[in-house]
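Each chain, written out:
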Amino acid sequence: MPDEMLLEVTSVSKRFQVRGQTLHAVENVSFALRSGETLGLVGESGSGKSTLGRTVLRLLEADAGRVVFQGRDLSRLSVSELRKERRHMQIIFQDPLASLNPRMTVGSAIEDAMIIQGIASRVQRKMRVNELLERVGLPLQAADAFPFELSGGQQQRVGIARALSVRPKLVVCDEPISALDVSIQVQIIELLKDLQRELQLAYIFISHNLGVVQHLSDRVMVLYLGEVVEQGSAQDLFTNPQHPYTRVLLDSILKIPSSSAERRPLVTLPGEIPSPFHPPSGCPFHPRCTLAYERCTVEKPILQGPTTTHLTACHLAETAISQ
Amino acid sequence: MAIARIAVNGVAPARRRSQLAMAWGRYKKDRLAVVGLAWVILFLVIGIIGPWIAPYNYATTNFLTANQGPTWQHIMGTDNLGHDMFSEILWSVQNALEVALGATLISFIVGVALGLWAGLKGGWADMVVMRLVDFMFAFPTFFMDLILVTKFGRGMGPILFAIGITGWAGYARLIRSLVLGMRNGEMVEAARALGATQPHIMRKYLFPNVMNNMIVALAFGIPGDLTVMAGLSVVGMGLRPPLPSFGNMIAAAGSNMLGYPWLMYFPAGIFALTLLAFLFVADGLQEALNPKGGF
C-alpha cells in the first residue's frame, strides 16, 4: 500500500434483537478507505447500508469485527476517547431537518459542534461559523434563522457546515440527497465534491441513486440483506458488473433514450427483499435471482473475484473465472 | 406567515427579536388569552395583597347583618353568619392560589422526575413508572384525595399534599413520551455523532424541546387542581371552616340558592371566570410557544 489507510473495516457484523428474534442487519463486511476517497454504498431499503455507516462510526456497537480509524481500533476506545475521536469522523443525515435542533438557530447549531469538541474561542467560533456558511453557499443572515425557516437544500447545507465545523477526515453521507429536489441534488453533490477536493475528505456515500454513486465514488460496494454481493472500483463495477443483482440494479437506472433504438423495456426484479430475520439459505439473493441453480440454495458463495480489487459473491461468476 | 419569512432570496431576514419576544408577539394576537392573562394577573395580585385590602376579617361574624344583599357596606352581600362575602372572596383567592400552585408544583416535580427517568433509562425503569402511571389513571384519584384528607386532616398542608401527590401521572406520561420520541431520533444521534456528553444533550437538545410542553401542561394543571380543591369542599372535605375557600362558599350557597342567590353568584362567578382565564392562558401559551407559529 502506498499510503496509510484512513479507515479499515474488517468482518464487521451487526445484529439486532427484536422481540426475541435476531435481525441480521450487516453480515461480515470488510473494506478500507484512504483520505480523499469515496466509497459508495448501494442497495435497496433494508439492505443494511445505514446500519453499516453508523456501525463504522460506532454510533451503533458492532457485534463482531474491527473498525480501525487512523490506526486506532474504535471499539477499544473509552467513552471519552471516542468522543474526542468523533471530531475526525462526522455524519450527514438524510433528513436534515430531523437532525437539527428546532430550538437552535443555524449559527448556534454549527457553533455547538465546536463547543462540544472544545474547539476555538468564542470569537473564533463565530468567525468560523461565518466562514462555513459562506463555504457551503448560505448567506450570512442564515445564522440567525431557525432550521424550519430554510428550504430543504439549505437545511442540508447547514448539516454539511455543522459536520465540517470540526474539520473531520471522514464523513458518512447517509442518503444526503434523497429527500431533496432533483435540481438541488446536483448542487449538493457538486458541493460535496468540491469540499472533498479542498479538504481531502474521505466519504462513505450511502445512496440508492446509482447515477449519483457512479458520479461520486472511487469504489462501490453493493449490499443485499446486509451482505456484500459485489465490491470494486466504480469503473469496473459499472462497466463490468459481475453479480446478477448488480446487473438488475444497473438496469433499473432510468435514462432518457436519445433515439428510439435505445428505447428498451424496464427490467424489474420480481418480489421483495426477504425478511432479514430469516435470511434465505445459501446465497441471500437466490429466491429472486433468474440465474439461480441448486447450488445457490445450499451453499453460500464466497466474496472473491476476477481481480483482487473487484470481488463478487456469486457461484456463476466464480465458475466463469475458473473456466 | 411562514411563507413570508422564506423571503425572495430564500433566506429569513436577519433576526432582531428574541424567541421570547416572538412568542409574546404570537400570544398578543389571541385576544381571549390576553384577557385571560389580565385576569390571572389580577388573581395573583389579589392572592398576595387580598388579606390587607379586605374590609373585614373572614372570621368576623355579625348576626345583625346576616344574609344581606349587596349594599355599600357589603358590596357582595353577607352570608348567614354575617361574614362579608367580598372579604371572604379576597381571602379565598389566597388560599386557592396557595393550594393550587403548591399542589401543581408537587405533581409537576414528581411527574417530571419520574417521566425523565423512565424516558431516558428505558427498560425496567420505564416499565415500572408506566405501570404506576396506569394505576394512577385507573384509580379514581378524587377518592384517593378524600382518603388522604380524611387521614391527615383538612388543613392547608394536607390538602395541598393530597392533591399534589395524586396528580403527577399526566406530567410523567407527557415528559416520558417526549423524551422517548427524541432519545432515538436523529437530532440526538447527530449530537452524539458530534461527541456530545449526556448532560450536554439533556441541557441543549432535550430540555429546550420539552420546556414549552411543560409550561403548557402546568398552565392546564393549575385550573385542574383548583377544581379538585373546590370539589373536596363540595363534599365537605375541603378546607375546614372558617378558613374561606371558593368550594366552601359555593357549597354553603347551594342550600340558600332561592333565598339569597348573591351568595352563589359572586363566588361561583368569580371562580368560573378564573378557571376560564387559566384555560385561555394555557391555550394561548400553546399557540405562542410553538416556534413554527410565525411572528
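Residues numbered from 1 in each chain as written. Chains lettered and ligands numbered in written order. Predicted model: local features only at pLDDT ≥ 70, side-chain atom pairs only at ≥ 80, totals over all residues.

**A look at the overall build of chain B**
Right, so step 1: Looking only at helices and strands, one finds twelve helices and zero strands in chain B.
Right, so step 2: Each helix (α) and strand (β) of chain B, taken in turn from the N terminus, gives the series α-α-α-α-α-α-α-α-α-α-α-α.
Right, so step 3: Within chain B, buried positions represent 37% of all 295 residues.
Right, so step 4: Summarising the internal contacts of chain B: among those between residues at least 6 apart in sequence, 70% fall at separations of at least 24. (Helix = DSSP H or I, 4+ residues; strand = E, 2+ residues; numbered from the N terminus. Buried ≥ 20, exposed ≤ 12 C-beta atoms within 10 Å, placed from the backbone. Contact = placed C-beta atoms within 7 Å.)

**Here we look at the overall build of chain A**
Right, so step 1: When its secondary structure is counted, chain A shows twelve helices and eleven strands.
Right, so step 2: In terms of overall dimensions, chain A is globule-like: its C-alpha atoms have a radius of gyration of 21 Å, near the 20 Å expected for 323 residues.
Right, so step 3: By its C-alpha atoms, chain A is 65 × 55 × 45 Å across when sized along the principal axes.
Right, so step 4: Residues classed as buried in chain A amount to 44% of the 323 residues present.
Right, so step 5: The contacts of chain A with a sequence gap of at least 6 include a subset with a gap of at least 24, amounting to 63%. (Rg over C-alpha atoms; globule rule 2.2 N^0.38 Å.)

**Thoughts on the nonpolar core**
Right, so step 1: Of all hydrophobic cores here, the largest spans 143 residues; its most connected members are Val-222 of chain A together with Met-229 of chain B.
Right, so step 2: Among the elements that take part in this core, helix H4 (residues 85-121) of chain B stands out by supplying 14 residues, more than any other.
Right, so step 3: Ignoring sequence-local partners within four residues, the contact set of Val-222 of chain A consists of Val-42, Gly-43, Val-228, Val-229, Glu-230, Gln-231, His-243, Tyr-245, Thr-246 and Leu-249 of chain A. (Core = buried A, V, L, I, M, F, W, Y, C linked by C-beta atoms within 7 Å.)

**So, the pairing of strand E10 (residues 227-233) of chain A**
All names here are of chain A.
Right, so step 1: Judged by how many residues are buried, E10 sits mostly within the fold: six of seven residues are covered.
Right, so step 2: Of the strand pairs in this sheet, strand E9 (residues 219-224) and E10 are connected by six bridges, and their pairing is antiparallel. Considered in E10, the bridge of Tyr-224 is made with Glu-227.
Right, so step 3: Hairpin connection between E9 and E10: a loop of two residues separates the two successive antiparallel strands, and Leu-225 in this loop has a positive phi of roughly 50°.
Right, so step 4: As paired elements, E10 and strand E11 (residues 311-312) share two bridges and run antiparallel to each other. Along E11, the bridge assignment pairs Gln-231 with Leu-311. (Pairing = 2+ DSSP bridges.)

**Some details on the interface of chain B and chain A**
Right, so step 1: Facing the 26 residues of chain B at the interface are 30 residues of chain A.
Right, so step 2: At the level of secondary structure, the elements contributing two or more residues to the side of chain B that touches chain A comprise helix H9 (186-193) and helix H10 (198-234) of chain B.
Right, so step 3: In terms of residue count, H9 of chain B provides more of the side of chain B that touches chain A than any other element does, six residues in total.
Right, so step 4: Of the residues assigned to the side of chain B that touches chain A, the class counts are 13 nonpolar, six polar and seven charged. (Nonpolar A, V, L, I, M, F, W, Y, C, P; charged D, E, K, R; others polar.)

**Observations regarding H10 of chain B**
Right, so step 1: Helix geometry: H10 of chain B is bent most strongly at Phe-207 of chain B, by close to 50°, with proline Pro-208 of chain B lying one to four residues after it.
Right, so step 2: Of the residues trailing H10 of chain B, Gly-236 of chain B is marked for its positive phi of about 85°. (Bend = angle between axes of the 7 residues up to and from the residue.)

**Points about the sheet that holds strand E8 (residues 202-206) of chain A**
Residue and element names in this part refer to chain A.
Right, so step 1: Overall, mixed pairing links the seven strands, which are arranged E6-E7-E8-E3-E9-E10-E11 in an open sheet. This sheet does not close on itself; its edge strands, each paired only once, are strand E6 (89-92) and E11.
Right, so step 2: Sheet topology places strand E7 (residues 170-174) next to E8; five bridges connect them, and they run parallel. Bridge pairing in E8 places Val-171 opposite Tyr-203.
Right, so step 3: Strand contacts of helix H6 (residues 152-164): E6 and E7, with the helix running at about 175° to E6, the strand carrying the most contacts. (Axes fitted to C-alpha atoms, helices over the stretch in contact; angles between N-to-C directions.)

**So, the packing of helix H4 (residues 106-116) of chain A against H6 of chain A**
Residues and elements named next belong to chain A.
Right, so step 1: Packing of H4 against H6 brings their axes to within 8 Å, and their N-to-C directions diverge by 25°. Looking at the two axes, H4 sits roughly parallel to H6. As H4 runs across H6, the sense of the crossing is right-handed. Residues Val-106, Ala-109, Ile-110 and Ala-113 of H4 lie in contact with H6, whose contacting residues are Val-158, Ala-161 and Arg-162. (Parallel < 35°, antiparallel > 145°, perpendicular 65-115°, else oblique. Left-handed = near helix turned anticlockwise from the far one by under 90°.)

**With respect to unusual backbone geometry**
All names here are of chain A.
Right, so step 1: Look at Ser-11: it is not a glycine, yet its phi comes out positive at around 45°.
Right, so step 2: On the secondary structure map, Ser-11 appears in strand E1 (residues 7-18).
Right, so step 3: The phi dihedral of Arg-19 is positive, around 45°, even though this residue is not glycine.
Right, so step 4: Mapping Arg-19 onto the fold places it in the loop between E1 and strand E2 (21-33).

**Here we look at the sheet that holds strand E4 (residues 64-69) of chain A**
All names here are of chain A.
Right, so step 1: Strand order in the open sheet formed by four strands is E2-E1-E4-E5, with antiparallel pairing between adjacent strands. Looking at strand neighbours, the two that pair on one side only are E2 and strand E5 (72-73), the edges of this open sheet.
Right, so step 2: Sheet analysis places E4 next to E5, joined by two bridges and oriented antiparallel. In the strand pairing of E5, Val-68 is matched with Asp-73.
Right, so step 3: Along the sheet, helix H1 (residues 49-56) makes contact with E1, E2 and E4, crossing E2 at roughly 65°.

**Here's the deal with the pairing of E7 of chain A**
As a general feature of sheets, a regular strand has side chains that alternate between the two faces.
Residues and elements named next belong to chain A.
Right, so step 1: The buried count for E7 comes to five of five residues, which makes it a mostly enclosed element.
Right, so step 2: Burial of E7 is two-sided: the residues Leu-170, Val-172 and Asp-174 facing one way and the residues Val-171 and Cys-173 facing the other way are all buried.
Right, so step 3: Bridge analysis of E6 against E7 gives four bridges, and the strand direction is parallel. The partner of Met-89 across the bridge, within E7, is Leu-170.

**Overview of the confidence of the model for chain A**
Right, so step 1: Of all residues in chain A, 97% attain a pLDDT of 70 or more, and the chain-wide mean is 88.
Right, so step 2: Averaged pLDDT values for the elements of chain A fall to 71 in helix H12 (residues 315-322) of chain A and rise to 95 in E8 of chain A. (pLDDT = per-residue confidence, 0-100.)

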